[in-house]
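Survey of secondary and tertiary structure
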Amino acid sequence: MSDNAQASAAPIVQLEKVNKYFGKLHVMQDIDLEITPGEVVVIIGASGSGKSTFIRCVNGLEEFQSGRIIVDGNELTPYGKGGKSLQTIRTEVGMVFQQFNLFPHLSVRANVTLAPTRVRGLDDAQASKIADRLLERVGISDQADKYPGQLSGGQQQRVALARALAMEPRLMLFDEPTSALDPEMIGEVLDAMRELASEGMTMMIVTHEMGFAREVADRVIFVHAGRIVEQGSPSQVFDHPQHERTQAFLSRVL
Ligand code: ADP
Ligand code: MG
């Protein structure tokens, strides 16, 4: 690892002229993006602008029609033919969805140990130790033996976060992680994400929590109709938006 310094400066996510269609709908239009390790990028934009599709493409959940997507040196090819790269990317990229997508028939701890035992080949004891540490880190170690249905939404989302972290991802993707939560539970999930950001995790986050975005983002990207219309630091985008689309969007949500 003698070229560590150089490696850490290389982008961990690279999109070059990515185009994606759903039938005739051009949902990603010439998207270019580079994210450096440790960077926290927040994607904002109206419903239907393509934010989910954008981040789903990054871990191969959506195929695309042209351009290049490279994640940590692994290239995804258009039309979903990722082969080995796709498998590698799936193990290196963690994702947290709006709906928590926990396994309802498994305990909280088993939800977190499943992938490490199945995919990383850890034994049960090793995986349990990691799970307990991560559950403690997201503040729910006392819930480990319960089932998802016995937890609040905020607790379930923190389990989902612990589950993703158990794979020791190089990159975390979040798609509106607090949108399905009651207002009083949003803070506890944002707190866990804030802590993760402060520890240096590379994160791509789609959210409507503008206060949170302003606080944690290194960069804010505004998406409209499948295009990156504007991007910059939180103060550039929130306080001095240049594009009229950004101004109109922010005037509705701020
Ligand atoms: P956002 O997350 O910003 O709300 P999406 O990425 O979910 O936007 O969707 C962008 C556009 O693509 C929308 O017009 C949506 O209806 C459309 N879309 C999303 N998923 C599909 C799909 N699987 N098939 C067809 N159209 C889709
Ligand atoms: Mg979405």
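Just above, that's the structure.
Residues numbered from 1 in each chain as written. Chains lettered and ligands numbered in written order. Predicted model: local features only at pLDDT ≥ 70, side-chain atom pairs only at ≥ 80, totals over all residues. Heavy atoms only, no water.

Right, let's get into the sheet that holds strand E8 (residues 202-206). Pairing is mixed across the open sheet formed by 6 strands, whose spatial order is E6-E7-E8-E3-E9-E10. Whereas interior strands pair on both sides, the edge strands pair on one side only; in this sheet they are strand E6 (93-96) and strand E10 (227-232). When the angles between neighbouring strand axes are averaged without regard to direction, this sheet yields 20°. As defined by bridge partners, strand E7 (residues 171-175) adjoins E8 across 5 bridges and the pair is classed as parallel. Residue Leu171 lies in a different strand from E8, and its bridge partner there is Thr202. Most of the contacts of helix H6 (residues 153-165) go to E6, to which it runs at about 170°, and overall it touches E6 and E7. This element, helix H10 (residues 244-253), spans strand E3 (40-44), strand E9 (219-224) and E10 of the sheet and lies at about 100° to E9. (Pairing = 2+ DSSP bridges. Helix = DSSP H or I, 4+ residues; strand = E, 2+ residues; numbered from the N terminus. Axes fitted to C-alpha atoms, helices over the stretch in contact; angles between N-to-C directions. Contact = heavy atoms within 4.5 Å.)

This part is about the site of ligand 1. Around ligand 1 lies a shell formed by Phe22, Leu25, Val27, Ala46, Ser47, Gly48, Ser49, Gly50, Lys51, Ser52 and Thr53. Between an oxygen atom of ligand 1 and a main-chain N or O atom of Gly50, the distance comes to 3.0 Å. Within the side chain of Thr53, one N or O atom sits 2.5 Å away from an oxygen atom of ligand 1. Protein chains shield 58% of the accessible area of ligand 1, which is 550 Å² for the free molecule. Elements with a minimum of two residues in the shell around ligand 1: strand E2 (25-35) and helix H2 (51-58). Among the elements that make up the shell around ligand 1, the one with the highest residue count is H2 (3 residues). (Near = heavy atom within 4 Å. Polar contact = N/O pair within 3.5 Å; in protein donor to acceptor, adjacent residues only side chain to side chain. Areas by Shrake-Rupley, 256 points an atom, 1.4 Å probe, with all protein chains shown as cover.)

Here we come to unusual backbone geometry. Even without being a glycine, Asn101 presents a positive backbone phi close to 60°. Mapped onto the elements, Asn101 comes out in the loop between E6 and helix H4 (108-118). Looking at Asn101, the relative accessible area reads 43%, which means it is partly exposed. Despite not being glycine, Glu176 has its phi angle at roughly 45°, a positive value. Mapped onto the fold, Glu176 is located in the loop between E7 and helix H7 (183-198). (Buried < 20%, exposed > 50% of the residue type's maximum accessible area, 1.4 Å probe, protein only.)

What follows is about the packing of H4 against H6. Following both chains from N to C, one finds H4 and H6 inclined at 25°, their axes separated by 8 Å at the closest point. By the angle class used here, H4 and H6 are roughly parallel. Helix-helix and strand crossings are classified by hand; for H4 and H6 the assignment is right-handed. Facing H4, whose interface residues are Val108, Asn111 and Val112, H6 presents Val159, Ala162 and Arg163. Here the residues of the contact of H4 with H6 sort into 4 nonpolar, 1 polar and 1 charged. (Parallel < 35°, antiparallel > 145°, perpendicular 65-115°, else oblique. Left-handed = near helix turned anticlockwise from the far one by under 90°. Nonpolar A, V, L, I, M, F, W, Y, C, P; charged D, E, K, R; others polar.)

Before going further, it helps to spend a moment on the layout of surface pockets. Quantified by volume, the largest pocket comes out at close to 520 Å³. Lining the largest pocket are 21 residues, with Arg90, Met95, Ala115, Arg163 and Met167 sitting closest to its centre. Counting only elements with at least two residues in the lining of the largest pocket, the list comes to helix H3 (83-92), E6, H4 and H6. Of the residues forming the lining of the largest pocket, the biggest block, 4 residues, is contributed by E6. For the lining of the largest pocket, a count of residues per class yields 14 nonpolar, 5 polar and 2 charged. (1 Å grid on protein atoms, 1.4 Å probe; cavity = no way out; pocket = protein on both sides within 12 Å on 5 of 7 lines; lining within 4 Å. Points joined across faces, edges and corners; volume = space filled by probe spheres on them.)

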